[in-house]
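So the chains spell out like this:
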Amino acid sequence: MGQVTVRIGGYTHPVSCEDGQEGHLIALAAEVDRRVGSIRAMGGQFGESRLLLLASLLLADELHDLRVELSHARAGQPGGAATDPKLAERLARVAEKIEAIADGLERP
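Here we summarise the structure given alongside this text. (Residues numbered from 1 in each chain as written. Predicted model: local features only at pLDDT ≥ 70, side-chain atom pairs only at ≥ 80, totals over all residues. Heavy atoms only, no water.)

This part is about helix α1 (residues 22-41). Since the α-helix packs 3.6 residues into each turn, any two residues three or four apart lie on the same face. Its 20 residues place the ends of α1 28 Å apart at the C-alpha level, agreeing with the 28 Å of an ideal helix rising 1.5 Å per residue. For α1, every residue scored as buried is listed here: L25, A29, V32, R35, V36 and I39. All buried residues of α1 fall inside an arc of 110 degrees around its axis, so they share one side. The secondary structure elements touched by the buried residues of α1 are β1 (2-8), β2 (11-17) and α2 (48-75). (Helix = DSSP H or I, 4+ residues; strand = E, 2+ residues; numbered from the N terminus. Expected span 1.5 Å × (residues − 1). Buried < 20%, exposed > 50% of the residue type's maximum accessible area, 1.4 Å probe, protein only. Arc of directions from axis to C-beta. Contact = heavy atoms within 4.5 Å.)

Structure representation (C-alpha cells):
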C-alpha cells in the first residue's frame with residue numbers, strides 16, 4: 001500500500017492509497033487545496049475542519065453540476081455535454097472518481 005503526505009490549506013496529512021496511485025492522490029489533494037485557497041481568498045478566518053467542509057461542498061456542487069450535465073447528455077437534451085457520447089462517457093468516469101473521493105472523505 002502506498003503512502004503519501006499531502007498538504008492542504010497549510011496542513012499536512014498522511015494518506016494511504018493503492019500502490020501506483022500516489023501521483024493521482026497528490027493531484028487530487030492539489031485540487032482540494034485550490035478550493036481551500038479560493039475560500040481563504042474570500043476572507044474570514046476558518047479552522048482546518050471548516051475549510052475542508054467548505055472545500056468539499058464546492059466539490060460536491062461541481063459533482064452535482066456534472067451529473068446534471070451528464071444526464072442531459074445521455075438524454076440528448078440541450079444544455080448538456082452536447083450529444084457527444086465520448087464526452088458523456090468521460091464525464092461519467094469523472095463523476096465516478098469524484099464520488100469515490102467523496103466516499104473516502106466521509107470515512108473516518
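Let's pick the thread back up.
Time to look at the nonpolar core. The nonpolar side chains of a soluble globular protein tend to be buried, and buried together. Listed in full, the 12 residues of the largest apolar core are V4, V6, I8, C17, L25, A29, V32, V36, I39, L51, A55 and L59. Going through the elements one at a time, β1, α1 and α2 are the ones with two or more residues in this core. When residues in this core are grouped by element, the largest group, five residues, is from α1. Setting aside residues up to four positions removed in sequence, I39 forms contacts with F46, L51, L54, A55 and L58. Formed by six residues, the second largest nonpolar core is a distinct cluster that contains L66, A73, A88 and L91. (Core = buried A, V, L, I, M, F, W, Y, C linked by side-chain atoms within 4.5 Å.)

On to α2, then. For α2, with 28 residues, the first-to-last C-alpha span of 40 Å sits near the 40 Å given by 1.5 Å per residue. Looking only at α2, the buried set comprises L51, A55, L59, L63, L66, L70 and A73. Two residues or fewer after α2 comes G76, characterised by a positive phi angle close to 70 degrees.

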